[in-house]
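Secondary and tertiary structure notes
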Amino acid sequence: MTYARIAGIGSFLPEKVVTNQDLETTMDTSDEWIRERTGIKRRHIAVDGETTSSMGLIAARRAMDSAGVGPDDIDLIVLGTATPDKIFPATACIIQRQLGVKGCPAFDVHAACSGFLYGLDLANRFIRTNGARTALVIGSETLSRITDWQDRGTAVLFGDGAGAVVLEASDEPGILATHIHADGEYEELLQVEQGVSVGFDVTRAGGAYIKMEGNAVFRRAVATFDNIARETVADLDGHLDDIDWFVPHQANMRIIKAAAKKLNMPMDRVVATVDEHANTSGASIPLALDVAIGDGPIQRRQTLLLAAFGAGFTWCSAMLRYGERASEPK
Ligand code: UT7
């Protein structure tokens, strides 16, 4: 039986940091409100010239270095992003070229905040069916480019960044189970209204920016994390206590805490980076994972539950056993 395991991980954050205090000077908000309602203290923002591909490229290179693999080893590239560089080609192809990888499939997955885990699910299936042996799965976002910096209801929430993992074929299970879902019923609750097919109208205020019914999304996110965690564990005939670390999508500290409480998961087993990164959509889980694996508390052989929720709505999970320490040579 062939399994997929994480062999390397890397991430990248833009150097520019925007604090809550910085936002206080440009809009009617306060550090106190943002911390209390979201847990966010600061976010990294891409400057001119920093793009989804440039950030994804650095994260990918770091993941490849930590896995000890080169361009010739990569036989699949999947990028989860809602903020591609161009309408086409896929940003995954742009990264492929910069990496010097030739010929393997490279494509973007558009599942908003669930993009990275959708990509991980796909790459896992490729590897398990012998369609690939070494896959690069990236999440990279420049959400600041679709953020309305006049709208305090959304502008305080988002940030930019990228994370990536190298998945390798293995005789031992790394990824134990993945589940992916969507329900288009909730299209209007979280969206950017304009686009290629419906058209771009620069005269319509806000149309090209993220719009969200915050409360409704909040409630749904908490319930969904609970459901998908239980679905994943049940599918493995396991128990929630089997999970050493819960690594949820980083949208709001209150969502993370509410989900952990429902799951009876103490917060010292939950990875939370939303305070430093804000919501980076498809990049949030690999960014959080890199922090927690790099100098953080996650140890080899521990069991992780990754779970994401985003526009669509889309939601997904991956249960995995983290194997070799990514920073150590194989
Ligand atoms: O990644 C995809 C998933 N996304 C999410 O999961 C996000 C889900 N939603 C949320 O995280 C929260 O709903 C928000 C953080 C967006 C909002 O928090 P909330 O506790 O639901 O606040 P609210 O929208 O009910 O607003 C409460 C008050 C309002 O004032 P009034 O009407 O009570 O006078 C808002 O106008 O807070 C006001 N407000 C702000 N005040 C200061 C909204 N944004 C701000 C702000 N600064 N930035």
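Up top is the structure.
Before going into details, it helps to say that this report is about the structure given with it. (Residues numbered from 1 in each chain as written. Predicted model: local features only at pLDDT ≥ 70, side-chain atom pairs only at ≥ 80, totals over all residues. Heavy atoms only, no water.)

Attention shifts here to the overall build of the protein. When helices and strands are counted, the protein shows ten helices and 13 strands. Scaling as 2.2 N^0.38, a compact globule of 330 residues should have a C-alpha radius of gyration of about 20 Å, and the protein matches this with 19 Å. For the protein, the spread of C-alpha atoms along the three principal axes comes to 55 × 45 × 35 Å. Counting contacts in the protein only where the partners sit at least 6 residues apart, residues at least 24 apart contribute 76% of the total. Once the 32 positive and 44 negative side-chain charges of the protein are each reduced to a mean point, those two points are 1 Å apart. (Helix = DSSP H or I, 4+ residues; strand = E, 2+ residues; numbered from the N terminus. Rg over C-alpha atoms; globule rule 2.2 N^0.38 Å. Contact = heavy atoms within 4.5 Å. Lys, Arg positive; Asp, Glu negative; His and termini not counted. Charge placed at Lys NZ, Arg CZ, Asp CG, Glu CD.)

Read from one edge of the open sheet, four strands run E8-E13-E12-E11, paired in mixed fashion. Each having just a single partner strand, strand E8 (175–182) and strand E11 (245–248) make up the two edges of the open sheet. Recorded for the sheet is a direction-independent mean angle of 10° between the axes of neighbouring strands. Bridge analysis of E11 against strand E12 (residues 303–310) gives four bridges, and the strand direction is parallel. Within the sheet, the bridge partner assigned to Trp245 lies in E12 and is Leu304. Strands in contact with helix H7 (residues 214–235) are E8, E11, E12 and strand E13 (314–321); relative to E12, the strand with the most contacts, it is inclined by about 145°. (Pairing = 2+ DSSP bridges. Axes fitted to C-alpha atoms, helices over the stretch in contact; angles between N-to-C directions.)

Grouped together as the largest cluster of nonpolar side chains are 41 residues, with contacts concentrated most on Phe225, Ile243, Phe246, Met265, Phe309 and Phe313. At the level of elements, H7, helix H8 (253–262), E12 and E13 are the ones that each hand at least two residues to this core. It is H7 that provides the largest number of residues to this core, a total of eight residues. With sequence-adjacent residues up to four places away left out, Phe313 is seen in contact with His181, Ala182, Asp183, Tyr186, Leu189, Leu190, Val217 and Arg220. Counting residues in each nonpolar core, the second largest holds 36 residues, with Tyr118, Ala132, Trp245 and Leu304 among its members. (Core = buried A, V, L, I, M, F, W, Y, C linked by side-chain atoms within 4.5 Å. Buried < 20%, exposed > 50% of the residue type's maximum accessible area, 1.4 Å probe, protein only.)

To continue, consider helix H5 (residues 115–128). The end-to-end C-alpha distance of H5 is 20 Å, a good match for the 20 Å that 14 residues give at a rise of 1.5 Å each. With respect to burial, H5 is a largely interior element, ten of its 14 residues being buried. Among the residues trailing H5, Asn130 stands out with phi positive, at a value near 60°. (Expected span 1.5 Å × (residues − 1).)

Around the ligand, the structure places 23 residues, and the nearest of them are Thr29, Arg37, Asn215, Asn252 and Asn279. A distance of 3.2 Å separates an oxygen atom of the ligand from a polar side-chain atom of Trp33. Out of a free accessible area of 960 Å², the ligand has 73% covered by protein chains. Residue contributions to the shell around the ligand peak at four residues, all from H7. In terms of residue class, the shell around the ligand is made up of eleven nonpolar, eight polar and four charged. (Near = heavy atom within 4 Å. Polar contact = N/O pair within 3.5 Å; in protein donor to acceptor, adjacent residues only side chain to side chain. Areas by Shrake-Rupley, 256 points an atom, 1.4 Å probe, with all protein chains shown as cover. Nonpolar A, V, L, I, M, F, W, Y, C, P; charged D, E, K, R; others polar.)

Before going further, it helps to examine the pairing of E12. For a regular strand, side-chain orientation follows a simple rule: the groups alternate between the two sheet faces. Of all eight residues making up E12, eight are buried, and the element is well covered by its neighbours. In E12, alternate side chains face the same way, and those of Thr303, Leu305, Ala307 and Phe309 on one face and Leu304, Leu306, Ala308 and Gly310 on the other are all buried. Bridge count between E12 and E13: eight bridges; the pairing is antiparallel. For Gly310, the partnering residue across the bridge sits in E13 and is Thr314. The antiparallel pairing of E12 with E13 creates a hairpin that spans three residues between the two strands, and Gly312 there sits at a positive phi of about 140°.

Moving on, we get to the packing of aromatic side chains. Inspection of every chain in the model, using the stated rule, returns three aromatic pairs. Seen from their ring centres, Tyr186 and Phe313 are 4.9 Å apart, and the 15° between their planes marks the pair as stacked. Note that Tyr186 is positioned in the loop between E8 and strand E9 (190–192) and Phe313 in the loop between E12 and E13, a separation of 127 residues in sequence. Residue Tyr186 shares its accessibility class with Phe313, and that shared class is buried. (Phe/Tyr/Trp six-rings, centres within 6.5 Å; stacked < 30°, edge-to-face > 60°.)

With that settled, consider the pattern of salt bridges. Per the stated rule, a full pass over the model turns up nine salt bridges. When the shortest N-O distance is used, the salt bridge between Arg35 and Asp31 registers 3.0 Å. Here Arg35 and its partner Asp31 are both found in helix H2 (residues 31–38), four residues apart, which amounts to about one turn of the helix. Exposure remark for Arg35: the relative accessible area of 37% places this residue in the partly exposed category. (Salt bridge = Lys/Arg side-chain N within 4 Å of Asp/Glu carboxyl O.)

Further remarks concern H7. Think of an α-helix as turning once every 3.6 residues; residues three or four places apart then point the same way. Over its 22 residues, H7 runs 31 Å from end to end, which matches the ideal 32 Å to within 8%, given 1.5 Å per residue. All of the buried residues in H7 are Val217, Phe218, Ala221, Val222, Thr224, Phe225, Asp226, Ile228, Ala229, Thr232 and Val233.

A separate point is the sheet that holds strand E5 (residues 106–109). Here we have five strands laid out as an open sheet, ordered E1-E7-E6-E4-E5, and mixed in their pairing. Either end of the sheet is taken by a strand with one partner, and the two such strands are strand E1 (3–12) and E5. Between one strand and the next, the sheet's axes are offset by a mean angle of 20°, whatever the strand orientation. As judged from the five bridges shared by strand E4 (residues 76–80) and strand E6 (residues 134–142), these two strands associate in the parallel manner. Note that in E6 the partner of Leu76 across the bridge is Ala135. Packing of helix H3 (residues 52–67) onto the sheet brings it into contact with E1, E4, E6 and strand E7 (160–170), and relative to E1 it is tilted by some 125°.

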